[in-house]
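The chain contents come next:
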Amino acid sequence: GGVPPTTDLVLGATAGCLACFLTNPLEVVKTRLQLQGELQAPGTYPRPYRGVLRAAVAVCRADGLRGLQKGLAAGLLYQGLMNGVRFYCYSHAEDAGWTGYPGGTVAAGAVAGAVGAIVGSPAYLVKTHLQAQTLSAVAVGHQHNHESISSAFKSIYQQHGVVGLWRGVTGAVPRVTVGSAVQLATFASAKDWVCERQWFRKGSWAAVLAGGMVSGVAVAVTMTPFDVISTRLYNQPVDADGTGKLYRGFLDCILQISSREGLLGLYKGIGAVYLRLGPHTVLSLFFWDKLRNM
């Protein structure tokens, strides 16, 4: 508390962008792993990406070292929009005293995350398309072949209108709602817990990092299935009217992945998800908390 919501909007956006710049390579790897073997039974498809480190090497070989920062501009735009709105809404909930009620922190984080996901959805759509693009020899998922972030927005708008820019939002809202609720609730609780036991001094950077590390584990475990679904819905090819060719929606995506790829298909890329979400959670919440204090 103690920071106006409008200030939190700027601070949240800044924190998210700083974290995104450092963790975007893991986001590229995560996207490729989640699209690999789409709707195919395990063991029946080639695997150009095997594990986080080998996948990162494969990306570098195909796209060069710069390939690890594919979709960075769209990622920064998404993080700025989503986190700015998310922390703005959460700050309002704090000022209104909602987070003081039982479960208030979780509810406030969930609502804030849902609103942020809706606002940032077009940027996440373009980010996913750009990060999936690569040479045909190691391509996974549908290839949209955009030349840049601006041409991607222009192409999607010309083909499907404004509605097309929000395609896949049905997967993004549950993803960020769950992730935001778990992240903000566990971060606040963990930070208070370590301070109460006098492991770290209240307000110290160590307490903030400890809270972020615990939060990162919780977010990765709960969010990975929603993350896989979101990636698939955003990247799937569509008909002229904007209807998805592979999935009809959120529930259909869950059913198809579970039936064709097994339940573990919903946890594809969990290693990359944790390695990306862990540092991203720590960094974004650390930057946000420290910027607030400043």
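Residues numbered from 1 in each chain as written. Predicted model: local features only at pLDDT ≥ 70, side-chain atom pairs only at ≥ 80, totals over all residues. Heavy atoms only, no water.

1. Quick word on the overall build of the protein chain
Defined as follows: Here a helix means four or more residues in a row that DSSP labels H or I, a strand means two or more in a row labelled E, and each is numbered from the N terminus. The reference for a compact globule is 2.2 Å times residues^0.38; the radius of gyration itself is calculated from the C-alpha atoms. For every residue, the accessible area obtained with a 1.4 Å probe (protein chains only) is divided by the maximum for its type, and the residue is called buried under 20%, exposed over 50%, and partly exposed between those limits. Method for areas: the Shrake-Rupley scheme with a 1.4 Å probe, in which residue coverage is limited to the protein chains shown. Under the counting rule used here, the positive set is Lys and Arg, the negative set is Asp and Glu, and His together with the chain ends is not counted. Here the site of a charge means NZ on Lys, CZ on Arg, CG on Asp, or CD on Glu.
When you go through the protein chain residue by residue, the secondary structure sums to nine helices and zero strands. N-terminal to C-terminal, the α/β element order of the protein chain is α-α-α-α-α-α-α-α-α. For a compact globule of 294 residues, the expected C-alpha radius of gyration is about 19 Å, and the protein chain comes in at 19 Å, within 12% of that figure. Relative to its 294 residues, the protein chain shows a buried fraction of 53%. With the model as given, the accessible surface of the protein chain reaches about 13100 Å², and the carbon-plus-sulfur share is 66%. If the 25 positive side-chain charges of the protein chain are averaged to one point and the 15 negative ones to another, these points end up 7 Å apart.

2. Digging into the environment of leucine 291
To be explicit about the condition: Contact definition: two residues touch when any of their heavy atoms are within 4.5 Å.
Counting through the fold element by element, leucine 291 comes out in helix α9 (residues 270-293). For leucine 291, a relative accessible area of 24% gives the class partly exposed. Counting along the chain gives 276 residues from leucine 291 to alanine 15, while the straight-line C-alpha distance between them is 8.1 Å. Excluding residues within four positions of it along the chain, leucine 291 makes contact with Leu11, Thr14 and Ala15.

3. Here we look at the packing of aromatic side chains
Formally: Pairing of aromatic rings covers Phe, Tyr and the six-membered ring of Trp, with a centre-to-centre limit of 6.5 Å; geometry is then stacked below 30 degrees between planes, edge-to-face above 60, and tilted otherwise. For a lysine, the NZ atom is tested; for an arginine, the CZ atom; a charge sits over a ring if that atom is within 6 Å of the ring centre and within 35 degrees of the ring normal.
Taken as a whole and assessed by the stated rule, the structure comprises four aromatic pairs. Consider the rings of tyrosine 78 and tyrosine 124, whose centres lie 4.8 Å apart with planes at 70°: the pair is edge-to-face. Note that tyrosine 78 is positioned in helix α3 (residues 72-95) and tyrosine 124 in helix α4 (residues 104-132), a separation of 46 residues in sequence. Classification of tyrosine 78 by relative accessible area gives buried; the value is 3%. Of the aromatic side chains, those joined through ring pairs into one cluster are Tyr78, Tyr124 and Tyr234. Directly above the ring of phenylalanine 87 sits arginine 86, whose terminal nitrogen or CZ lies 4.8 Å from the centroid.

4. Section: the UniProt feature "transmembrane region" (unreviewed entry) in the protein chain
Condition: UniProt positions are given in the numbering used here, feature names are shortened, and annotations may be inferred rather than shown by experiment.
When the UniProt feature table is mapped to this numbering, "transmembrane region" (unreviewed entry) covers residues 205-226 and 269-288. Across residues 205-226, helical content stands at 100% and strand content at 0%; the span's end C-alpha atoms are separated by 31 Å.

5. Details of unusual backbone geometry
In this model, leucine 39 sits at a positive phi of 55°, which is unusual for a non-glycine residue. On the basis of relative accessible area, leucine 39 is assigned to the buried category, the value being 14%. Residues other than glycine seldom take positive phi values, yet asparagine 145 does so here, at roughly 55°. One can find asparagine 145 in the loop between α4 and α5 (149-165). Given the relative accessible area of 58%, asparagine 145 is considered exposed.

6. Looking at the pattern of salt bridges
Proximity of charged atoms lets side chains of opposite charge pair with each other. Worth spelling out the cut-off: We define a salt bridge as a side-chain nitrogen of Lys or Arg found within 4 Å of a carboxyl oxygen belonging to Asp or Glu.
For the coordinates displayed, the defined rule picks out ten salt bridges. Between aspartate 227 and lysine 30 there is a salt bridge, with its nearest N and O atoms 2.8 Å apart. Of this pair, aspartate 227 sits in helix α7 (residues 205-235) while lysine 30 sits in helix α1 (residues 5-35); the two residues are 197 residues apart in sequence, bridging distant segments of the chain. Assigned by exposure class, aspartate 227 and lysine 30 land together as buried. Each of Glu27, Lys30, Lys127, Arg175 and Asp227 takes part in one network of salt bridges that share partners.

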